[in-house]
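Close look at the chain arrangement
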Amino acid sequence: MALHRLSFRLRQTVTHVRSLHTSGCGQQQEATAVESEPEPFSVFRAQENDPACQSEKLIGQYYTLPPAHIKTVFPHGLPPRYQQQIKTFNEACMMVRSPALEVISYLKKTDFSKPAVRYIFYGMKGSGKTMSLCHAVHFCYTQGWLVLHIPDAHLWVKNCKELLPSSYNTSRFDQPLQATEWLRNFRITNEPLLSKIKTKQRYIWTKREFTEEGAALGELVDQGIARVKSSSDVVGAVIKELRLQSGQPESDFRMAVAVDGVNALWGRSTIKKEDKSSVDPEELTLVYNLRKLMKNDWTGGSSESGPGEQHRSRPQVDSRSQPEVPEDQGIRWSHDGRSSHQHPVSFCWCSGPAAPTVLLP
Amino acid sequence: MAASISGLLKPWTPRVCLVRWARYNPYYLEPEVRKEAYSRPEAELSPEEQEQRELKAHRPIKAATSGVTSSLFDDPVLSKFVNMIMKDGNKVLAKEIMTQTLEHIKRKQVEKYHKAPEGKKEEIECNPYFIFHQALENCKPVVGLASIQKGGKFYQVPIPLTDNRRRFLAMKWMITECRDNKHRRTHMYEKLSQELLAASIKEGNVIKKKHELHKMAEANRAYAHYRWW
């Protein structure tokens, strides 16, 4: 099948390159290439692509995300380096990690009448926190939950090009660009559910624009995208509606909140006011409303988060957020390393004289 | 004053010594960095090589530069190219550009590989080192031109080129082409990877420059006898 041709092609490249690349004939290298054949990639490719059915046996293996899901679930969620990998290999392969599986098993057993449980992924830089978060988000999407995914909270507290004073509360500041972008992505992810949820309150935006009570949430989101100036307030309204409605018996949806870089909400921001004084994150409308979601006073769902890239060695978790269950990403298992080496080899990423002889942990 | 002069006449070593001098005593031999050269058994060597080995036992050897390694990935052509890209001694930046170029070439080729139909997959070359060497080979000119004065006028005379000169010209053309003819916002590694990929299939501006040089040499064939070496 294609797999055999892949391994044949790999061997061909290896020997072909050797004759041109190294001037002398490396006899030892020839021997290693002939003896250790590259193992078939099927060993490291998970058979089960549905997150709900993945078991502990698949830890360390790669499962493929269906291409239709990538555009809907992650219009903004995946890190840029991973998006480059998707473009190069023409498919999205994610490694199944034990913390992600643990969180998914908890999510399956959540009691939706109790207050929302909050999970935090923490660990060293490069240990897979963001990807595990995306794995959990994918699971929530396949179960039909409403997904509120903030890809990186750090982007909201730094490098803000436009800062407007909020019309609702004069002491706060609006960020129209970030809010409209997030609303657009939110609509792409949750298209089917938006028409079913209705607002419980009347919102007045300007003298002539208002949203009636009982209108679909989709209309509210469209209002925010169309009127950029009031988009931050729309985000606040959406969050309030969802928080009030998610636990109610008559609402039939579950909510999953996923925030990456949650330390940014309580840390410092680099945005400056006109008089060069620093803006506190509390004074930003988006952050203020998001913090309300982070408290566990709502029911009918759960929230997952990961600390941002700034915090490397120590997991910095703010005491005010009071996480329930920490997940440790620190140690990489040995089969983790093996498959993460074999994956690039079989995708024709690593080839050449050193490919079969790379040391494995 | 008398004390300082008499101080210089005593035998002395300089307080500050460079690790590798540019001018070594001719007694010193060149270092052999490649591992394969040491693993060959005695029987395989020709008499000259055996003599060389004996010399190395008792002669001092120059220090190796920091640009050469005995690793599998050490490539003298690639190191030379990196040195030519380097400006103001910023080797780190030059090496970074080169690795980004190779990664970019690899990404483009792997993308093409995964999108190609089954029959065409075998033909796509994914190894960036191979593409780099192929591109340089295709850019090397066969003959060059020299300006020779005869009877008060200067003529462009076609001359044979040494291997080193050909390699130098290929690399120089590649780098100047990528520096001059690119958009202000394109990165060097992007432009380099485009040019290298084009040159490996014998297209692009550098190949055109080589062909123009060949045409000039062909046109000035009549003056070839002006060369006296």
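Because the structure is a prediction, the values reported are computed rather than measured.

Here we come to the overall build of chain A. Across its full length, chain A carries twelve helices and eleven strands. Scored against the burial criterion, the 361 residues of chain A give a buried share of 50%. Looking at chain A alone, contacts between residues at least 24 apart form 74% of all its contacts between residues at least 6 apart.

Quick look at the UniProt feature "domain: Small ribosomal subunit protein uS7" (unreviewed entry) in chain B now. Within this structure's numbering, the places UniProt gives as "domain: Small ribosomal subunit protein uS7" (unreviewed entry) are residues 68–221 of chain B. Within the segment residues 68–221 of chain B, helix and strand shares are 60% and 10% respectively, and the terminal C-alpha atoms sit 41 Å apart.

Right, let's talk about helix α9 (residues 217–226) of chain A for a bit. All names here are of chain A. Summarising burial for α9: seven of the ten residues are buried, a large majority. Those residues of α9 that sit buried are Leu217, Gly218, Leu220, Val221, Gln223, Gly224 and Ile225. Elements that come into contact with the buried residues of α9 comprise α7 (176–189), α8 (191–194), β7 (203–204), β8 (210–211) and α10 (231–245).

This next bit is on the pattern of salt bridges. Per the counting criterion, the structure on display carries 17 salt bridges over all chains. The closest approach of N and O atoms between Lys62 of chain B and Glu30 of chain B, which form a salt bridge, is 2.9 Å. One end of the pair, Lys62 of chain B, is in the loop between α2 (47–58) and α3 (76–85); the other, Glu30 of chain B, is in the loop between α1 (2–9) and α2, and 32 residues separate them in sequence. Across the pair Arg221 of chain B and Glu218 of chain B runs a salt bridge, and its minimum N-O distance is 3.0 Å. Note on Arg221 of chain B: relative accessible area 58%, which makes it exposed. Of the residues examined, Glu218 of chain B reaches a relative accessible area of 47% and is grouped as partly exposed. It is possible to trace a salt-bridge network through shared partners that takes in Arg81 of chain A together with Glu103 and Arg107 of chain B.

A few words now on the confidence of the model for chain A. Residues and elements named next belong to chain A. Of all residues in chain A, 73% have pLDDT values of 70 or greater, and the mean over the chain is 74. No element of chain A has a lower mean pLDDT than helix α2 (residues 27–35), which averages 37, and none a higher one than α7, which averages 91. The model gives residues 310–336 a pLDDT under 50, and that stretch makes 56 contacts with residues more than four places away or in other chains. Across residues 357–361, where pLDDT falls below 50, the model places six contacts with residues more than four positions away in sequence or in other chains.

Within the element layout of this structure, Glu203 of chain B appears in the loop between α7 (188–200) and α8 (205–219). Along the primary structure Glu203 of chain B and Asn138 of chain B are separated by 65 residues, whereas in three dimensions their C-alpha atoms are 9.4 Å apart.

Each value, and the rule that gives it
- Residues numbered from 1 in each chain as written.
- Chains lettered and ligands numbered in written order.
- Predicted model: local features only at pLDDT ≥ 70, side-chain atom pairs only at ≥ 80, totals over all residues.
- Heavy atoms only, no water.
- Helix = DSSP H or I, 4+ residues; strand = E, 2+ residues; numbered from the N terminus.
- Buried < 20%, exposed > 50% of the residue type's maximum accessible area, 1.4 Å probe, protein only.
- Contact = heavy atoms within 4.5 Å.
- UniProt positions renumbered as here; feature names shortened; annotations may be inferred.
- Salt bridge = Lys/Arg side-chain N within 4 Å of Asp/Glu carboxyl O.
- pLDDT = per-residue confidence, 0-100.

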